[in-house]
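Residues per chain are reported as follows:
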Amino acid sequence: MILQQPYRIKTIKEYHKILGIGNPEHPMISVIDLAEITPYKSEDSIKVVFDFYMISLKKVEAGDVQYGYGQQKYDFDDGILFFISPNQIFSFKADDDFRSAGSMLLIHPDFLWGNPLAKTIKKYEFFNYAINEALFVSEKEEIVLKSFIKNIEQEYHAHIDQFSEQIIISQIESFLNYSNRFYMRQFLTRKIAGSQILDKLEKILDDYFNDEDLINRGLPTVQHIAELLNCSPNYLSGVLKTLTGQNTQQHIHEKVIEKAKEKLSTTTLTVGEVAFKLGFEYPQSFSKLFKSKTDLTPLEFRNSFN
């Protein structure tokens, strides 16, 4: 099938058809055995947008496949778990020898409608991680995750009754919670990589706030910092929270306060001038942030040196 790019796949049934497999037994949830499908092969990357959630637990058995998430790309050669939420552009390219094993769990948002998970699913930040920030699961972790997928599949294969939907949703929620735990484990076991990110962050913030053009540039955004570090914003915050207990925005604010204290204690600039030099559009915003972080107004802090 020729896919116009980006190709929007609206239903799980449509995706089954593209993959060349039978219709899903349930229109809003499906488990696909990756060993049973033939990957779409092309010399160019294929870009698609799904209207449903996709969770893929896979292992590459032969050949190479390249995935992109936005502009990010990654070559998989190990067991990994990654998440895609509705309306995200996903691209991939597989060579002629590519073969994978594992499972793909598809969940349409309408399946969660009326259940608290419909809202709380957005709290799982890994749905916005880049593909190269996928979770590398251990064998024991893989067994745990596979058990939830198997339970979901068995439940919708069985006779659907008044309890089925809630049982499946509880299995999905458990899967997501364990995935969250395993991501925290990955952050901890990859402390070297995380520490390198933290060191780079400190240098980026120092360079940014030493720029004399902050009046025109404004305060750095989390998105901008993440791009400079080649991370997705959510993944960066996850790494930082594990290492330091603070997310990216809090690190930016800490640097702002550090630079503000320096200027207030060593120069005669007015509070307004300090605010503008640090990239604030309004001095009131600077004073409010400074007070919240130090329990002192900028003037009170300056006067404490006299």
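This one's a predicted model, so the numbers in the text were calculated from it and none came from an experiment.

## Side note on helix H11 (residues 283-294)
Move 1: Counted at 1.5 Å a residue, the expected span for H11 with its 12 residues is 16 Å, and the 16 Å between its end C-alpha atoms agrees.
Move 2: Contacts made by the buried residues of H11 are with helix H9 (248-266), helix H10 (271-277) and helix H12 (298-303).
Move 3: Positive phi shows up at Asp295, right after H11, with a value of about 65°.

## Notes on the pairing of strand E7 (residues 80-84)
Move 1: For E7, a buried count of 5 out of 5 residues is recorded, marking the element as mostly surrounded by other parts of the structure.
Move 2: Burial of E7 is two-sided: the residues Ile80, Phe82 and Ile84 facing one way and the residues Leu81 and Phe83 facing the other way are all buried.

## Observations regarding the packing of H9 against H11
Move 1: Where H9 contacts H11, the two axes come as close as 10 Å, and the packing angle between them is 100°. When the axes of H9 and H11 are compared, the pair comes out roughly perpendicular. In this structure, H9 contributes His253, Val256, Ile257, Ala260, Lys261 and Leu264 to the contact, and H11 contributes Phe286, Leu289, Phe290, Lys293 and Thr294.
Move 2: Grouping the amino acids of the contact of H9 with H11 by side-chain chemistry returns 7 nonpolar, 2 polar and 2 charged.

## Details of the pattern of salt bridges
Move 1: If you walk through the whole model with that rule in mind, you get 9 salt bridges.
Move 2: Among the salt bridges present, the one from Lys146 reaches Glu142, with a minimum N-O distance of 3.2 Å. On the criterion of helical spacing, the pair formed by Lys146 and Glu142 is a turn pair, its members being 4 residues apart in helix H3 (residues 139-157).
Move 3: Residue Lys146 is classed as partly exposed on the basis of its relative accessible area of 44%.
Move 4: Overall, Glu142 belongs to the buried group, its relative accessible area being 12%.
Move 5: Note that Asp206 is salt-bridged to Lys255, the shortest N-O span being 2.9 Å. Linking Asp206 in helix H5 (residues 191-209) with Lys255 in helix H9, this pair joins segments that are 49 residues apart in sequence.

Rules used in this analysis
Residues numbered from 1 in each chain as written. Predicted model: local features only at pLDDT ≥ 70, side-chain atom pairs only at ≥ 80, totals over all residues. Heavy atoms only, no water. Helix = DSSP H or I, 4+ residues; strand = E, 2+ residues; numbered from the N terminus. Expected span 1.5 Å × (residues − 1). Contact = heavy atoms within 4.5 Å. Buried < 20%, exposed > 50% of the residue type's maximum accessible area, 1.4 Å probe, protein only. Axes fitted to C-alpha atoms, helices over the stretch in contact; angles between N-to-C directions. Parallel < 35°, antiparallel > 145°, perpendicular 65-115°, else oblique. Nonpolar A, V, L, I, M, F, W, Y, C, P; charged D, E, K, R; others polar. Salt bridge = Lys/Arg side-chain N within 4 Å of Asp/Glu carboxyl O.

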